[in-house]
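Structural characterization, general
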Amino acid sequence: MTQTAQTAQAPRIADEDRLRADLYNYLGLMLSNPPDEMLLAQTASLSGDDTEMGQAIGTLAKLAKVSKPKAVTSEYNKLFIGLGRGELLPYASYYLTGFLNEKPLALLRQDMTRLGLERADSVFEPEDNIASLMEMMGAMIVGRFGPPSEIEAQRAFFNKHIGPWAAHFFGDLETAKNSVFYTPVGTVGRLFMLIEAEAFRMSGR
């Protein structure tokens, strides 16, 4: 299908769902690579409110205003890359089984094939890393690789591949020894995962 045809038939995405997809995509960006100057500037422009999520976003914005790309890159490398391995291993297989490249990855690949999702040629990480999963959810919500997924499909994917471990990972990111800039990223992610889990639970009643 051509881009023009896709645009002509583009379904209406509810504002709430677009915001959800934006947050999934933002977390995916933050976790796939250290933020560059432009992403730091965009983060610095965010504003929060008095809610727990709003306060975490406000803290993240304040840190972005005073953080330099080089320092955040150093922090990112200590957290996720390190010498041999970083402080955290952000993979579903590791969190669910204690080992990399285990059954959760195989099950995810089966579902990716069924949903028409593919790993980008430029990505060499196993598909069950947290950044890829955040991007997949964002894509499913707005239909980046096909029609937007119905809420039932979103719920099934979340409950199978994200819900069982992502909030735990984000909590670890909040309290990691090397986290400074990424502490509020962890808070935002953890709270968002809890909100999504509850929303999916309510929608499944």
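On a predicted model such as this, the values are computed, not experimentally measured, just so you know. (Residues numbered from 1 in each chain as written. Predicted model: local features only at pLDDT ≥ 70, side-chain atom pairs only at ≥ 80, totals over all residues. Heavy atoms only, no water.)

1. Side note on the packing of aromatic side chains
As enumerated under the stated definition, the model contains 12 aromatic pairs in all. Between Tyr-95 and Trp-165, the aromatic rings sit 5.3 Å apart at their centres with planes inclined by 40°, giving tilted as the arrangement. One end of the pair, Tyr-95, is in helix α6 (residues 92-97); the other, Trp-165, is in the loop between α9 (151-162) and α10 (166-175), with 70 residues separating them in the sequence. For the pair shown, Tyr-95 and Trp-165 are each scored as buried. Ring pairing ties together the aromatic residues Tyr-76, Phe-80, Tyr-94, Tyr-95, Trp-165, Phe-169, Phe-170, Phe-181 and Tyr-182, which thus form one cluster. (Phe/Tyr/Trp six-rings, centres within 6.5 Å; stacked < 30°, edge-to-face > 60°. Helix = DSSP H or I, 4+ residues; strand = E, 2+ residues; numbered from the N terminus. Buried < 20%, exposed > 50% of the residue type's maximum accessible area, 1.4 Å probe, protein only.)

2. A few points about the confidence of the model for the chain
Across the chain, pLDDT averages 92, with 94% of residues at or above 70. Below a pLDDT of 50 lies the segment residues 1-8, which in the model reaches 2 contacts outside its immediate sequence neighbourhood of four places, other chains included. (pLDDT = per-residue confidence, 0-100. Contact = heavy atoms within 4.5 Å.)

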